[in-house]
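Architecture and fold: a report
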Amino acid sequence: MSNVISTQIPIHQKFGGVVPEIASRKHIVNIMPVIDEAVSKAGIKLEEINQIAVTYGPGLVGALLVGVSAAKALSFALKIPLIAVNHLQGHIFANFLSEPTLEPPFLALVVSGGHSAIIRQKNYNDFELLGQTRDDAAGEAFDKIARVMNLPYPGGPEIDKLAKIGNPDAIEFPRPKVSDFDFSFSGLKSAVLNFLNTAEMKGEKINPADVAASFQKAVIDSLVDKTVSAAEKFNLKKIVLAGGVAANSSLESTLRKICTEKNFEFFYPSKILCTDNAAMIACRGYYQSLEKNFATNNLNAVPNLGIL
Ligand code: KG4
Ligand code: ZN
């Protein structure tokens, strides 16, 4: 009915990344105006809400606590059930909002600032973790490389933009070799850093667009290869992309192309539903409520919550 997003990107941009203390303070300032706006845009009264879902992790503890406290207060005051949602599961469920015909089972590739994982979604409330990153998340790698290339925060969209005018085959960056469906991006990150440092020491000019395109291709190759082989191994016919990095245009087009070639159905949330938002949390919460999976008023934030 409404999906209000209050972004702090311009505030953190001048620091080159999220400053946790500032993020918590801004959450306190923004939470009530956002709730008021969401309720008024939906054209309802607060009293008409009959359940409240909130993300309790993973994420920054100070920011999570603000949301959890507000949701607990509303649940208590309105005498309505509270639903504790895992933020990463929320990312997957953004796809049900973009494409209402989507039904499990499917394979989900979840790529965000803090996580990269391959999930087998067996049913609405039944997930299996097939693989995840052993070190840096995909989004983290994008942000770190952008930072050393003096691009503004958040780096993912900047690399995406720059890569469009670069040659993805200009530089041969290594493809991580990890078993099964796990990922690793720290070796690739070091290789790009070494490339940039060596060029600087030798006084050689680099083409930033080629670096961005070649780095991005290395990340995407590994994400796409593992996703497609997992879908093949588990005989799943649908592939779902989720998380902030899903907003990457080349990841989306590469995965879409291979899905067409190999006869997988491909699902992808609209850009606004890719990055963090409340609608996806409400959607995940809805399916939890069908199972009466409610939280108590002792709910706490869990910053390092796993995907399952
Ligand atoms: O899911 P999200 O909004 O927040 C977390 O839960 O982390 O993801 C944010 C991440 C950041 O690392 C950001 O750089 C990355 O998603 N991102 C992108 C793009 N848009 C956002 N990465 C690559 N290409 C993009 N277009
Ligand atoms: Zn997220």
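Check the entry above for the structure.
What comes next concerns the included structure.

So, how was this worked out
Residues numbered from 1 in each chain as written. Chains lettered and ligands numbered in written order. Predicted model: local features only at pLDDT ≥ 70, side-chain atom pairs only at ≥ 80, totals over all residues. Heavy atoms only, no water. Phe/Tyr/Trp six-rings, centres within 6.5 Å; stacked < 30°, edge-to-face > 60°. Helix = DSSP H or I, 4+ residues; strand = E, 2+ residues; numbered from the N terminus. Buried < 20%, exposed > 50% of the residue type's maximum accessible area, 1.4 Å probe, protein only. Salt bridge = Lys/Arg side-chain N within 4 Å of Asp/Glu carboxyl O. Expected span 1.5 Å × (residues − 1). Contact = heavy atoms within 4.5 Å. Polar contact = N/O pair within 3.5 Å; in protein donor to acceptor, adjacent residues only side chain to side chain. Pairing = 2+ DSSP bridges. Axes fitted to C-alpha atoms, helices over the stretch in contact; angles between N-to-C directions.

Here the focus is the packing of aromatic side chains. Enumeration over the complete set of coordinates arrives at 13 aromatic pairs. Aromatic pair Phe 96 and Tyr 124: ring centres 5.3 Å apart, planes at 45°, arrangement tilted. Taken together, the residues Phe 96 in helix α4 (residues 87-98) and Tyr 124 in the loop between β4 (116-123) and β5 (126-132) connect sequence positions 28 residues apart. A relative accessible area of 7% means that Phe 96 is categorised as buried. Plain terms: the ring middles of Tyr 124 and Tyr 287 are 4.2 Å apart, the flat faces sit at 5° to each other, and that makes the pair stacked. You can see Tyr 124 sitting in the loop between β4 and β5 and its partner Tyr 287 sitting in helix α11 (residues 278-290), a full 163 residues away along the chain. Through pairs of rings, three or more aromatic residues link up here, namely Phe 93, Phe 96, Phe 106, Tyr 124, Phe 127, Tyr 286 and Tyr 287.

A word on the pattern of salt bridges. A pair can form between side chains of opposite charge whenever their charged atoms are brought close. Applying the stated rule across the entire model yields 16 salt bridges. In this structure, the salt-bridge partner of Glu 128 is Lys 122, at a minimum N-O distance of 3.6 Å. Linking Asp 136 and Lys 189 is a salt bridge whose minimum nitrogen-to-oxygen distance equals 2.7 Å. Note that Asp 136 is positioned in the loop between β5 and α5 (138-148) and Lys 189 in helix α7 (residues 186-202), a separation of 53 residues in sequence. Like Lys 189, Asp 136 is buried.

All right, on to α11 then. The first and last C-alpha atoms of α11 sit 19 Å apart over 13 residues, in line with the 18 Å expected at 1.5 Å per residue. Within α11 the residues assigned to the buried category are Ala 279, Met 280, Ile 281, Cys 283, Arg 284, Gly 285, Tyr 287, Gln 288 and Ser 289. Buried residues belonging to α11 abut β1 (52-57), β2 (82-86), α4, β5 and α10 (271-274). Of the residues that open α11, the one with a side-chain oxygen 3.1 Å from the backbone nitrogen of Ala 279 is Asn 277.

The residue after Gly 57, namely Pro 58, is reached through a cis peptide bond having omega -10°. Here Pro 58 lies in the loop between β1 and α3 (61-78). For the bond running from Tyr 153 to Pro 154, omega is -10°, close enough to zero to count as cis. In this structure, Pro 154 sits in the loop between α5 and α6 (155-163). The backbone phi angle of Lys 79 is positive, close to 55°, even though this residue is not glycine. Structurally, Lys 79 can be placed in the loop between α3 and β2. One non-glycine residue, Asp 180, lies in the positive phi region at around 50°. The topology assignment puts Asp 180 in the loop between α6 and α7.

Within a beta sheet, neighbouring strands are joined by backbone hydrogen bonds and run either parallel or antiparallel to one another. Spatial ordering of the open sheet is given by β5-β4-β3-β6-β7, a layout of five strands whose pairing is mixed. Only two strands of the sheet have a single partner each, and these edge strands are β5 and β7 (265-267). Adjacent strand axes in the sheet meet at a mean angle of 25°, parallel and antiparallel pairs treated alike.

Worth remembering: the numbers are spatial, not functional.
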